[in-house]
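Take a look at the letters that make up each chain.
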Amino acid sequence: MPDAPSRDAILAEAAGLGRAWADHPADVAEAITAAAKLRNAFRRPASPAAEPMPPYAAPQEAGA
Amino acid sequence: MTAPHALPLATASALIAAGRLSPVELLTDCLARIEALEPKLNACIRLLPEQAMADARAAEAEIARSGPRSPLHGIPVGLKDIIDLAGHPTTCHSKLQLDRVAEQDAAVVTKLREAGAIFPAKLATHEFAIGGPAFDLPFPPARNPWNPAHHPGGSSSGSGAAVGARMLPAALGTDTGGSVRHPAGHCGLAGLKPTYGLVSRRGVFPLAFTLDHVGPMTRTVRDNAMLLNIMAGHDPGDPGSARHAPEDYTRGLHKGLKGLRIGFVRHFHEVDTPATPEVAAALEAAAALLAKEGAVLSTVVLPPLGEFAAVNRAIMLPEAGAVHETWLRERPGDYAAVTRRRLLPSQFITGTDYVQAQRRRRELVAAVEAAFREVDLLLCASSMDPASKIDDAAEVERTYPRQARTPFNVTGHPALNIMCGVSRAEGLPLGMQLVGPSFSEALIYRAAAAYERAAPWAAMAPQL
């Protein structure tokens, strides 16, 4: 029975990075770690109503 | 008499207007300077001497006939090679873009061309404006004119090197996380990241749509303001373009600092990312000189630098990842190793993380806006270290993120790097930033020009 693929291999495959995983596995593994670290590097807004910036732009009426 | 290539833009412009210098003489001397120094500095990806000379001759004839169209008529301006120049490749310093010939000028190039500027060179960049100095690309990395063993900063590396070396009086760079101000800092230049949307990005290869800016890089503050006068303006073809009334950014340059309230963001370089003692001392000396010239200095506290940097990355990477997705999947080996390592995390940041960063961004903008209710301008560090040796990959990797420029890509406020010292050991320039409220470029230039007059740095040049 073949070895189960590693967590990084599964994540790379899911991201469409099969070729990068095959040719540059250390770079892909480093990228997965970096992305995970970034997740906790800034505070999330406390208010559920906090809007992103820039906001989605509303359409403008002609002549407005 | 000063050689034409060594003249600041404003002086060359005045001499051309007075009929004492021809655009052909100026370009000829700049091209000779490029030929002499390019083997040392690698600032240029592509030279365009024939077309530029034809344009210089046409400018000479037109100016003789009817005077200059603008202060930029007959002035050579270099273009970072992610900015489109019709009929020529925009390589982005990458194997992936070697053959992509631009069909049209970028909007900002159109404005400069209409003003009479001449384009003799496409300039080196970090690959796609995100890599670092790399030796595994089709073109070598640009080097620092003050000491070619060191990097010139980036990503607008060739723009910094070319203007710093007096190859060209001005160049355009782009700035998504500090890429105009970084090379400006390490090459002893004035480099402006304008207010988001003030200068069109149409025809400039994108890195991150909500963080990208195009900015002028020059030897003096006045030159910078003269270039921005032409570059700024609404572009309906750029969805992020601001509607801002045209203004003359040179108008307040003589006014001085008296009464201006400047908030010094000391914690950026004292606590958050401690600067080298030499950089810290240069910043303190600059603050003292600003105060001596009449500014009222105070200390301002903003959110931690690391949080601005993280938000910048959490926004920049997914936006860049959208642009590079296909190449990362199909041709990952065609990037420089450093570019690939910088771009790959983009494919693992979740949509939730991206939106959270954009939500936090609004709070960070509000924090900086609150500071501007108390002061007119902010003073802060640019880089925390002098430029490291270009072939010391570990030191490049360590020092590149040690900077205070990304906050103003996140917030969109205008920020200018100007020289504020020289490192004793390596003879390399040190830089600082003046930052203002949105659309306050004229005020920033006013303060920077006053500092430039009072400080000794403007008289210094690299010994090449």
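Residues numbered from 1 in each chain as written. Chains lettered and ligands numbered in written order. Predicted model: local features only at pLDDT ≥ 70, side-chain atom pairs only at ≥ 80, totals over all residues. Heavy atoms only, no water.

- Looking at an unreviewed UniProt entry, chain B carries the name Amidase, with the source organism given as Siccirubricoccus soli.

## Here we look at the overall build of chain A
In step 1: Of the regular secondary structure elements, chain A holds three helices and zero strands.
In step 2: When the helices and strands of chain A are listed from N to C terminus, the series reads α-α-α.
In step 3: Relative to the globule expectation of 11 Å for 64 residues, the C-alpha radius of gyration of chain A, 20 Å, shows a markedly less compact shape.
In step 4: Looking at chain A as a whole, 25% of its 64 residues qualify as buried.
In step 5: Of the roughly 4700 Å² of accessible surface on chain A, 59% is carried by carbon and sulfur atoms.
In step 6: Side-chain charges of chain A comprise 6 positive and 8 negative groups, with the mean position of each set lying 9 Å from the other. (Helix = DSSP H or I, 4+ residues; strand = E, 2+ residues; numbered from the N terminus. Rg over C-alpha atoms; globule rule 2.2 N^0.38 Å. Buried < 20%, exposed > 50% of the residue type's maximum accessible area, 1.4 Å probe, protein only. Areas by Shrake-Rupley, 256 points an atom, 1.4 Å probe, with all protein chains shown as cover. Lys, Arg positive; Asp, Glu negative; His and termini not counted. Charge placed at Lys NZ, Arg CZ, Asp CG, Glu CD.)

## Regarding the interface of chain B and chain A
In step 1: Counting residues at the interface gives 32 residues for chain B and 32 residues for chain A.
In step 2: A combined buried area of about 2800 Å² lies between chain B and chain A, and 62% of that area is made up of carbon and sulfur atoms.
In step 3: For the chain B face of the interface with chain A, the top three residues by lost area are F348, R359 and R362 of chain B, together amounting to 26%.
In step 4: Scanning the region where chain B abuts chain A turns up three salt bridges.
In step 5: Put simply, R340 of chain B and D27 of chain A hold a salt bridge, and the shortest N to O gap is 2.9 Å.
In step 6: Put simply, the parts of the chain that give the side of chain B that touches chain A at least two residues each are α10 (305–330), α11 (337–343) and α12 (351–371) of chain B.
In step 7: Among the elements that take part in the side of chain B that touches chain A, α12 of chain B stands out by supplying 11 residues, more than any other.
In step 8: Here the side of chain B that touches chain A is composed, by residue class, of 13 nonpolar, seven polar and 12 charged. (Contact = heavy atoms within 4.5 Å. Buried area = accessible area lost by both parts, 1.4 Å probe. Salt bridge = Lys/Arg side-chain N within 4 Å of Asp/Glu carboxyl O. Nonpolar A, V, L, I, M, F, W, Y, C, P; charged D, E, K, R; others polar.)

## Regarding the pairing of strand β10 (residues 415–422) of chain B
Residues and elements named next belong to chain B.
In step 1: Of all eight residues making up β10, seven are buried, and the element is well covered by its neighbours.
In step 2: Inspection of the sheet shows β10 paired to strand β11 (residues 429–435) by seven bridges, in the antiparallel sense. Within β11, the position partnered with A415 by the bridge is V435.
In step 3: Joining the antiparallel neighbours β10 and β11 is a turn of six residues, in which G427 adopts a positive phi near 65°. (Pairing = 2+ DSSP bridges.)

## Looking at the packing of aromatic side chains
Residues and elements named next belong to chain B.
In step 1: Enumeration according to the criterion identifies six aromatic pairs over all chains in this entry.
In step 2: Ring centres 5.2 Å apart and planes at 45° place the aromatic pair F128 and F205 in the tilted group. Here F128, found in the loop between β3 (121–123) and α5 (157–164), pairs with F205, found in the loop between β5 (190–193) and β6 (213–218); they are 77 residues apart in sequence, far enough to count as distant. Considered together, F128 and F205 belong to a single accessibility category, that of buried residues.
In step 3: Geometrically, the ring pair formed by F128 and W327 is tilted, given 5.4 Å between the ring centres and 35° between the ring planes. One end of the pair, F128, is in the loop between β3 and α5; the other, W327, is in helix α10, and 199 residues separate them in sequence.
In step 4: Accessibility expressed as a relative area gives 18% for W327, which makes it buried.
In step 5: Taken together, the aromatic side chains of F128, F205, W327 and Y335 make up a single cluster linked through ring pairs. (Phe/Tyr/Trp six-rings, centres within 6.5 Å; stacked < 30°, edge-to-face > 60°.)

## Brief notes about the UniProt feature "domain: Amidase" (unreviewed entry) in chain B
In step 1: In the numbering adopted here, UniProt assigns the feature "domain: Amidase" (unreviewed entry) to residues 25–443 of chain B.
In step 2: Taken end to end, residues 25–443 of chain B is 38% helix and 13% strand, and its two terminal C-alpha atoms sit 35 Å from one another. (UniProt positions renumbered as here; feature names shortened; annotations may be inferred.)

## As for the pattern of salt bridges
In step 1: Counted according to the given criterion, the structure contains 22 salt bridges over all chains.
In step 2: Among the charged side chains, a salt-bridge network with shared partners connects R39 and R44 of chain A together with D353 of chain B.

## Concerning the environment of L37 of chain B
Residues and elements named next belong to chain B.
In step 1: Relative to the elements of secondary structure, L37 occurs in helix α2 (residues 23–41).
In step 2: With 56 residues separating them along the chain, L37 and H93 place their C-alpha atoms 20 Å apart.
In step 3: Among all residues touching L37, those that are not within four sequence positions of it are A165, M167 and L464.

## Digging into α2 of chain B
In step 1: Considering bend angle alone, the principal kink of α2 of chain B is centred on E35 of chain B and spans about 35°; proline P39 of chain B follows within four residues of it.
In step 2: If you check which residues of α2 of chain B are buried, you get P23, V24, L26, L27, C30, L31, R33, I34, L37, E38 and L41 of chain B. (Bend = angle between axes of the 7 residues up to and from the residue.)

## Comments concerning the side chain of S157 of chain B
Residue and element names in this part refer to chain B.
In step 1: Within the element layout of this structure, S157 appears in helix α5.
In step 2: On the basis of relative accessible area, S157 is assigned to the buried category, the value being 2%.
In step 3: Not counting residues up to four positions away in its chain, the partners in contact with S157 are A124, T125, H126, A142, P152 and P183.

## Description of the nonpolar core
Note on soluble globular proteins: their nonpolar side chains tend to be buried together.
Residues and elements named next belong to chain B.
In step 1: Judged by nonpolar contacts, the single largest core of 128 residues is most densely connected at L112, L172 and L378.
In step 2: If one sorts the elements of this core by residue count, α10 sits on top with 11 residues.
In step 3: The contacts of L112, once residues within four sequence positions are left out, are L72, V77, A117, F119, L172, L227, I230 and M231.
In step 4: Core analysis: the next-biggest nonpolar cluster, separate from the first, contains 28 residues, L27, I45, M53 and A142 among them. (Core = buried A, V, L, I, M, F, W, Y, C linked by side-chain atoms within 4.5 Å.)

## Here we look at unusual backbone geometry
In step 1: In this structure, the amide linkage connecting M53 of chain A to the following residue, P54 of chain A, adopts the cis form with an omega of 5°.
In step 2: For the bond running from G154 of chain B to S155 of chain B, omega is 15°, close enough to zero to count as cis.
In step 3: With respect to the helices and strands, the residue S155 of chain B is situated in the loop between β3 and α5.
In step 4: Backbone geometry places C92 of chain B, a non-glycine residue, at a positive phi of 55°.
In step 5: Classification of C92 of chain B as buried rests on a relative accessible area of 0%.

## Describing the sheet that holds β3 of chain B
All names here are of chain B.
In step 1: Taking strand neighbours across the sheet as the criterion, the 11 strands line up as β1-β3-β2-β4-β6-β5-β10-β11-β9-β7-β8 in an open arrangement whose pairing is mixed. The sheet terminates laterally at β1 (44–47) and β8 (296–299), the two strands that pair on one side only. Shown here is a sheet whose adjacent strand axes are inclined to one another by a mean of 30°, direction ignored.
In step 2: In this structure, strand β7 (residues 261–264) lies alongside strand β9 (residues 377–381), joined through three bridges in parallel fashion. (Axes fitted to C-alpha atoms, helices over the stretch in contact; angles between N-to-C directions.)

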